[in-house]
Every structure is written in C-alpha cells, then in structure tokens.
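Letter by letter, the chains look like this.
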Amino acid sequence: MSSAPAPEGREPRHVDINAIFASDGETHDIPLFELPEGQLDKDIAYQLVHDEAMLDGNARLNLATFVTTWMDSAAQKLYAETVDKNMIDKDEYPKTAEIETRCWRILAGLWNAPDPERSIGTSTVGSSEAAMLAGLAMMRRWRNKRREAGEAFDRPNLVMSAGVQVCWEKFCNYWDIEMRLVPVSTAHPAMDGESMLPFVDENTIGVVAIMGVTYTGVYEPVEEICAALDGLQERTGLDVPVHVDGASGGMIAPFVQPDLVWDFRLPRVVSINTSGHKYGLVYPGLGWAIWRSEEYLPEDMIFRVSYLGGNMPTLALNFSRPGAQVLLQYYLFMRLGREGYTAVQNATRNVAMHLSEHIGKMPAFELVSDGSDIPVFAWKLKEGYTDNWNLYNLSDRLRGKGWLIPAYPLPEDLEEVVVQRIVVRNGLGYNLARDLLADIDECVAWLDGLDGPIPSEHVEPGFTH
C-alpha cells in the first residue's frame, strides 16, 4: 500500500493494512491435535484462537451456570495487573497472602463465627475443592475419635440429599466413603430433619446441608437439621457435625435473609464453604472454606513446606493456583461493603422473582421454585398440557436465540419430573429479562402452533451442575 503524501517537514503518513487472512496460518490448515512444526506471528496465533472462541455461546446469556460472567471495568483492570500472582508463593507475595487471610476472616464474621479470630479458613480454586477439604476434615476428626476410643473406623459414611452437587459424589468416591443419599419426594423436596435422621449412625462422619440446591435453588432447613441431630445426641450420645454447602446461598442469605439461622450461630455447624466465583461476584475460579475454630481442622491437614525461599503452611488440595481472584474478592468486599452486597443480591433476587412470576402465569408451566431463596428458580410443564413438545424442545428453541437454559430430570425418586431452570446473576438486569421473557413467549407460541409432536432425535441428557 503506498503511503499518503505528507505536509512538508513531516514524516509520511503510512496506512497499515494487516492482511492477516491472507497470511500463513489463514491460507492453509493448522494441525489441531499435534504441535505445529513452525512458528506463527503472534497476531495470527491470536486471531486463530480468538475466532475459535468466538463460536462459543455468549457467557452473559448462559443462564445455566452459577459462575460470574460480568465484573466492572476496575475489576478487569485489577485482574489484568495481578494475573501473574501465584497464591501458593506467600513468601514472594506476602501482601496477597495477608489479603487472603483478611477475606476468610471477613467471611467468618459474616457467617457469625463465635470468635472470627479463632476461626481458620483458606481460599481454593472453587467450592468443589473447598467442599472436599471440609469433608476430609470431618473424616479425619471422626477417624481420630474412633481410633482413640478403640473402635472400628473402616466404614465411614456421609449423609446428604439426593439433590447434592456432584462434587460430593466425587468426594465420597475418591476417599472411599459410603454416600448416603436422602431421597427427595413431593412431600420432602429437600432434605430436612425428619427425612435425614434415619440415615445417621455411629459411622456417620457428618451431614451436609445445602444452602441452595442446584436443581431448584431452594434452601435446606439447616436449623431444623441441626435440631434433629441435637435430639439424636441427647438420646444416643452420637455427636454428628454439620457442614453447610453454601456454594451459592452462603453469599446470598447474609444479605437477603439476614434473620435466617443457618450458619455458625448453630453450634453443630463446624464448617461452611462458598464460591467466590458465584454469588461472591468474582470471575472463576475461587472458593472459600471456613471452619468454626481450629479444633475442627485436624493439624495433620496443614502442610508446612519450604518453597521459593520461604517456609509456609498450606491448606489446599491444589498447590500453584491463581492469586488474582483473591485480590478481586477483596476488591469487591471493599468496593461494595455490606450495603453494596445487599443491594446487588436483592436486585438479582428481584429479577429472578420477576421472571418466575411471568413464567408461573403462563398456561404451559407450573413453578417448582420461585427464586425467593437464591436467585434461581425452576418450572415444569403442566401435566396434560401438550404431547407435541417438551422442555427439552423449548431449551433447543431458546438456544437458537442465544439463551442457554437447561432442561433436566430431578434427582432419584423424582426423575420422572423434568424441569427447566434459570440462574440469575449480577449482569442480568430488567432490560435483558424483558428480552428473555419475550423470547420465551415467542418460542412457546411457536411450539404451541405445531400440528404434531416433535420427533425425538436423541436421549435427553442429564444435568449435574
């Protein structure tokens, strides 16, 4: 390309055209599953990856995931500035390590620990790792007590709802623990004190109560579960701890339902986990595990290692992991405070209830939950409404408009009930909600206009998150 003429005494003004699509890497195939022999220009390599990722869905329209898909511009700037920090290297990044401690101390106070200074916690790469650490702590404490008493400790079990998140199934599988799933039913849509108690015995390492069941978004009654276990101890002497899986609700209830008793106000609750990257409002991946006090975290789970010139304690399943998300969490704690988190979480919940109210009034649907616990709700097709289409078909139609809204069966014993679920997150405001409802109305009208059933092309998938 020739340069444009320049005024006298100035350099020529060049017009630079980046002919990237006519360059190496865009004029022939690149191997997908083996390392190329040669190099590519960085701009071409970027374009190749950028264009592949462009074919993914729009994360903001993914209403299946609980994971944060929007943060403000200051958070994105901070993320870019700190993405190189390694959380494990506390000697090199002592201020990041201190901020991590501040964060879990803040959470201990938020969850009403009797003495936050005597609590102990850690960041993790997500709630799954945090849950596994809490499960391991319960198993170790149970095993140590049984060993000291001269009793068998080879058959541990963990009691939880059949609607539990898949990470707990992994925990029991990886550590050879019997998973005792309390069935859900129409009468007991979530685990409660009455349905849980028959599954508990002397080999129970703990009970997991869920603050926000992933299938429907409802809270399990933690206070009722603890009361039932209190009664069991009075009758039998069995002292069974409770871990609260607050992956979602742990960052909703303190702000939206502050009078709900579910946390360390209950003496039987020994540990809580949450996802910083869900309603903690941070980009993935960040989780938190907090114990009521150090006595509930066995000392043999804390490793003291010499690494990069320092000697430090580490409590995690992972070793090297990102530090930037921890700083983002602290940024949000400082930026929003209690007032800001309350405003954000209430706004999100209000959008969820606005959506559920509209969908609940549609002739085709019946609400299973309404978003009044965490901002998540589910609905089912009314019995006898139609034989021409189902919720899987509606999910496919909405995907064509960019929305990812899953359909899936409920857990064992309710698996004949298929539901559809929306997760409302920060970033889904009333304007997008209006567009979503218009698309749902349009898709349902199209499906209702069918003069025969849609052929079933494949077995509908399950849904585990």
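What counts, and where the lines are drawn
Residues numbered from 1 in each chain as written. Predicted model: local features only at pLDDT ≥ 70, side-chain atom pairs only at ≥ 80, totals over all residues. Heavy atoms only, no water. Patch = residues over 30% accessible without salt bridge, like charges linked within 9 Å, V, L, I, M, F, W, Y side chains within 5 Å. Areas by Shrake-Rupley, 256 points an atom, 1.4 Å probe, with all protein chains shown as cover. Salt bridge = Lys/Arg side-chain N within 4 Å of Asp/Glu carboxyl O. Lys, Arg positive; Asp, Glu negative; His and termini not counted. Charge placed at Lys NZ, Arg CZ, Asp CG, Glu CD. Helix = DSSP H or I, 4+ residues; strand = E, 2+ residues; numbered from the N terminus. Axes fitted to C-alpha atoms, helices over the stretch in contact; angles between N-to-C directions. Parallel < 35°, antiparallel > 145°, perpendicular 65-115°, else oblique. Left-handed = near helix turned anticlockwise from the far one by under 90°. Contact = heavy atoms within 4.5 Å. Nonpolar A, V, L, I, M, F, W, Y, C, P; charged D, E, K, R; others polar. Buried < 20%, exposed > 50% of the residue type's maximum accessible area, 1.4 Å probe, protein only. Phe/Tyr/Trp six-rings, centres within 6.5 Å; stacked < 30°, edge-to-face > 60°. Pairing = 2+ DSSP bridges. Right-handed = clockwise from strand over helix to strand, strands pointing away. Disulfide = S-S within 2.5 Å.

A. Here's a closer look at a negative patch on the surface. Judged by side-chain charge, E412, D413, E415 and E416 come together as a negatively charged surface patch. Mapped onto the fold, D413 is located in the loop between β12 (407-409) and β13 (418-423).

B. Up close: the packing of helix α2 (residues 73-82) against helix α9 (residues 324-361). Here α2 crosses α9 at 150°, and the two axes come no closer than 9 Å. In terms of orientation, α2 lies roughly antiparallel with respect to α9. Once α2 is placed against α9, the crossing between them reads as right-handed. Touching A74, A75, L78, Y79 and T82 of α2 are A324, Q325, L327, L328 and Y331, all from α9. Among the residues forming the contact of α2 with α9, the class breakdown is 8 nonpolar, 2 polar and no charged.

C. View of unusual backbone geometry. Residue G285 is reached from P284 by a cis peptide bond, and omega for that bond is 0°. Looking at where G285 falls in the secondary structure, it is placed in the loop between β6 (269-275) and β7 (287-291). You will see that N112, though not glycine, has its phi angle at about 65°, which is positive. Mapped onto the fold, N112 is located in the loop between α3 (94-110) and β1 (120-124). Overall, the relative accessible area of 32% leaves N112 in the partly exposed class.

D. Inspection of the packing of aromatic side chains at higher detail. All chains considered together, the criterion is met by 12 aromatic pairs. Where Y385 meets W389, the ring centres are 6.2 Å apart and the plane angle is 80°; that geometry is what we call edge-to-face. On the basis of relative accessible area, Y385 is assigned to the partly exposed category, the value being 29%. By relative accessible area, which is 4% here, W389 ends up buried.

E. Region of the structure containing the environment of A130. By the secondary structure assignment, A130 is in helix α4 (residues 127-148). The spacing of A130 and I272 is 142 residues in sequence and 8.7 Å in space, taken between C-alpha atoms. Not counting chain neighbours up to four residues away, the residues in contact with A130 comprise T124, N273, W288 and A289.

F. Seen up close, the pairing of strand β2 (residues 157-161). Burial analysis of β2 places 5 of its 5 residues in the buried class, the great majority of the element. By the bridge criterion, 5 bridges tie β2 to strand β3 (residues 178-182) in an arrangement that is parallel. Across the sheet, S161 pairs through a bridge with V182, a residue of β3. Handedness of the crossover joining β2 and β3 through helix α5 (residues 166-174): right-handed. Pairing analysis gives 3 bridges linking β2 to strand β4 (residues 204-210), with the strands arranged parallel. By the bridge assignment for β4, V159 is matched with V207.

G. The sheet that holds β7, seen in detail. Taken in spatial order, the 7 strands line up as β1-β7-β6-β5-β4-β2-β3 in an open sheet, and their pairing is mixed. One side of each edge strand has no neighbouring strand; the edge strands of this open sheet are β1 and β3. The sheet shows a mean angle of 20° between the axes of neighbouring strands, direction not considered. Looking at chain direction, β1 and β7 are connected through 5 bridges and run antiparallel. Within β7, the position partnered with G121 by the bridge is I290. Against the sheet, α3 contacts β1 and β7, and its axis sits at roughly 60° relative to β7. Its contacts with the sheet place helix α7 (residues 222-236) against β4, β5 (242-245) and β6, and it is angled at close to 155° to β4.

H. Just the packing of helix α10 (residues 391-400) against helix α11 (residues 430-448), in detail. Packing of α10 against α11 leaves a shortest axis separation of 10 Å and a crossing angle of 125°. As far as their axial angle goes, α11 and α10 are oblique. Between α10 and α11 lies a crossing whose hand is right-handed. Taken together, the residues of α11 that come into contact with α10 (itself represented by N393, L394, R397 and L398) are D439, I440, C443, V444, W446 and L447.

I. A look at α10. What α10 keeps buried is the set L391, Y392, N393, L394, S395 and L398. Its buried side turned inward, α10 meets β10 (365-367), β11 (376-381), β12, β13 and α11.

J. Summary view of the state of the cysteines. Under the defined criterion, the tally for this structure stands at 0 disulfides. Free of any disulfide, C172 has its nearest neighbouring cysteine sulfur in C167, separated by 9.8 Å. For C172, a relative accessible area of 4% translates into the label buried. Considering cysteine sulfurs only, C172 is the nearest to C226, which forms no disulfide, with 19 Å between them. A relative accessible area of 3% places C226 in the buried class.

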